[in-house]
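Fold and geometry: a report
So you can see what is in the structure, the chains are spelled out below.
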Amino acid sequence: MATEGHAPTASEYVIHHLTHLNNTGHAQENIIDWSVINLDSMFYSVVIGALTVFLLWLAARKATSGVPGRFQGIVEILVDMVADQAKGIVHSAESRRFVAPLALTVFVWIFLMNAMDLLPVDLLPRIWEGMYAAGGGDPAHAYMRVVATADLSATLGMSTGVLLLCLYYNIKIKGVGGWVHELFTAPFGSHPLLYPINFAMQIIEFVAKTVSHGMRLFGNMYAGELIFILIALLGSTATVFGFLGHVIAGSIWAIFHILIITLQAFIFMMLTLVYVGQAHESH
């Protein structure tokens, strides 16, 4: 991470940790750039997604009708919680057979991605820097961010997936003709003069839901990651105060952050259920 033979400044340290490993090989200058792919976010989201599927499969495979173990007990609590929420929001039993397991998977997947924030800030990036340097690269350009949900492109990608699911259920439940009719007649009525206004309001609603869905998760996780980075800076000062401040502040924030990562996973899951439930309803 050091540049030009000297240790990084606080500003360089923060910027380095907030820069993604991408397909361009250098720091991304624009937040929205369709030509840039954040490879680190893709890697961790896919790996953690595979881990999520494996854990849920393992729980289903080892499920017994007798006294459950701790792992099975935790999974059963999650299954019951998601099933109860889905039953109260999505009234179609047929849809719930797909939506409820999807919501459970989304909750566990996002929780595990959020939980990457609890790892020491420099642990995986330093390992990557060593691998990068061993391959002949400059460690100063060995960027690595491990919290995929602190990447706006990742969270908007997930919320876009929820949007596509909602569009699917709109068409499945109401039919193409019924949904198109709803686009032009809700919420203000079926008068021809209101068609453009109704259509514009419907599109704005879809866009607002999708953007806010992804932005809420991104904003909270990005802020949490930034605070961990700033706390890590305390540990870089060669003083007793800096070390104690790093340990105490880091421990307190990590304990509090457990609530945040759980709550954000739950909120994303609940909004997924709410939006899918709304797709089943007619105006």
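Structure first, text after, so check above.
Conventions used here
- Residues numbered from 1 in each chain as written.
- Predicted model: local features only at pLDDT ≥ 70, side-chain atom pairs only at ≥ 80, totals over all residues.
- Heavy atoms only, no water.
- Helix = DSSP H or I, 4+ residues; strand = E, 2+ residues; numbered from the N terminus.
- Buried < 20%, exposed > 50% of the residue type's maximum accessible area, 1.4 Å probe, protein only.
- Contact = heavy atoms within 4.5 Å.
- Salt bridge = Lys/Arg side-chain N within 4 Å of Asp/Glu carboxyl O.
- Core = buried A, V, L, I, M, F, W, Y, C linked by side-chain atoms within 4.5 Å.
- Phe/Tyr/Trp six-rings, centres within 6.5 Å; stacked < 30°, edge-to-face > 60°.
- Expected span 1.5 Å × (residues − 1).
- Patch = residues over 30% accessible without salt bridge, like charges linked within 9 Å, V, L, I, M, F, W, Y side chains within 5 Å.
- Areas by Shrake-Rupley, 256 points an atom, 1.4 Å probe, with all protein chains shown as cover.
- Polar contact = N/O pair within 3.5 Å; in protein donor to acceptor, adjacent residues only side chain to side chain.

Focus: the overall build of the chain
- When you go through the chain residue by residue, the secondary structure sums to 8 helices and 0 strands.
- For the chain, the α and β elements follow one another from N to C terminus as α-α-α-α-α-α-α-α.
- Taken along its principal axes, the extent of the C-alpha atoms in the chain is 70 × 60 × 35 Å.
- The buried share of the chain, taken over its 283 residues, is 39%.
- Relative to all contacts within the chain whose residues are 6 or more apart in sequence, the contacts with residues 24 or more apart total 69%.

Topic: the pattern of salt bridges
- Tallied over the entire structure, the rule returns 5 salt bridges.
- Ionic pairing is found between Glu205 and Lys209, a salt bridge with its closest N-O pair at 3.1 Å. Here Glu205 pairs with Lys209, and both are found in helix α7 (residues 195–235), just 4 residues apart, close to one helical turn.
- A relative accessible area of 31% means that Glu205 is categorised as partly exposed.
- In this structure Lys209 comes out as buried when scored by relative accessible area, which is 18%.

Considerations on the nonpolar core
- Ranked by size, the top nonpolar core spans 40 residues in total, and within it Ile110, Phe268, Leu273 and Val276 carry the most contacts.
- No other element matches the 10 residues that helix α8 (residues 240–279) contributes to this core.
- Excluding its chain neighbours within four sequence positions, the residues that come into contact with Val276 are Val90, Val99, Leu165, Cys166 and Tyr169.
- Grouped together as the second largest cluster of nonpolar side chains are 6 residues, Tyr13, Val14, Leu18 and Ile229 included.

Digging into the packing of aromatic side chains
- Applying the stated criterion to the full structure yields 11 aromatic pairs.
- Ring geometry for Phe184 and Tyr195: centres 6.3 Å apart, planes at 75°, overall edge-to-face. Linking Phe184 in helix α6 (residues 152–185) with Tyr195 in helix α7, this pair joins segments that are 11 residues apart in sequence.
- Taking the relative accessible area as the measure of exposure, Tyr195 reaches 31% and is therefore partly exposed.
- Through successive ring pairs, a cluster of aromatic residues spans Phe184, Tyr195 and Phe199.

Observations concerning the environment of Val162
- Looking at the element boundaries, Val162 is found in helix α6.
- Separated by 48 residues in sequence, Val162 and Thr210 have C-alpha atoms that sit 7.8 Å apart.
- Residue contacts for Val162: discarding those within four places in its chain leaves His213, Phe268, Thr272 and Tyr275.

As for unusual backbone geometry
- In this model, Ala186 is joined to Pro187 through a cis peptide bond whose omega is 10°.
- Residue placement: Pro187 occurs in the loop between α6 and α7.

Observations concerning helix α2 (residues 39–61)
- Look at α2: 33 Å from first C-alpha to last across 23 residues, which is about the 33 Å you get at 1.5 Å a residue.
- Within α2, burial applies to Asp40, Ser41, Tyr44, Ser45, Ile48, Gly49, Thr52, Leu58 and Ala59.
- Where α2 is buried, its residues meet α3 (70–89), α4 (93–115) and α5 (123–134).

Thoughts on a nonpolar patch on the surface
- Judged by side-chain polarity, Ile171, Val176, Val180, Phe184, Tyr195, Phe199, Ile203, Val207, Val211 and Met215 come together as a nonpolar surface patch covering roughly 770 Å² of accessible area.
- If you list the elements that add at least two residues to the nonpolar patch, you get α6 and α7.
- Sort the elements by how many residues they give to the nonpolar patch and α7 lands first, with 6 residues.
- Residue placement: Val207 occurs in helix α7.
- For Val207, a relative accessible area of 47% gives the class partly exposed.

Regarding the environment of Pro139
- Inspection of the secondary structure assignment puts Pro139 in the loop between α5 and α6.
- In sequence terms Pro139 and Thr19 are 120 residues apart; their C-alpha atoms lie 13 Å from each other.

A closer look at the side chain of His20
- As for its placement among the helices and strands, His20 is situated in the loop between α1 (10–17) and α2.
- Residue classification places His20 among the buried positions, given a relative accessible area of 8%.
- Within the local environment of His20, its side chain forms a polar contact with the side chain of Asp40, the two groups lying 3.1 Å apart.
- Ignoring anything within four residues of it in the chain, the contact list for His20 reads Asn38, Asp40, Ser41, Tyr143, Arg145 and Asp151.

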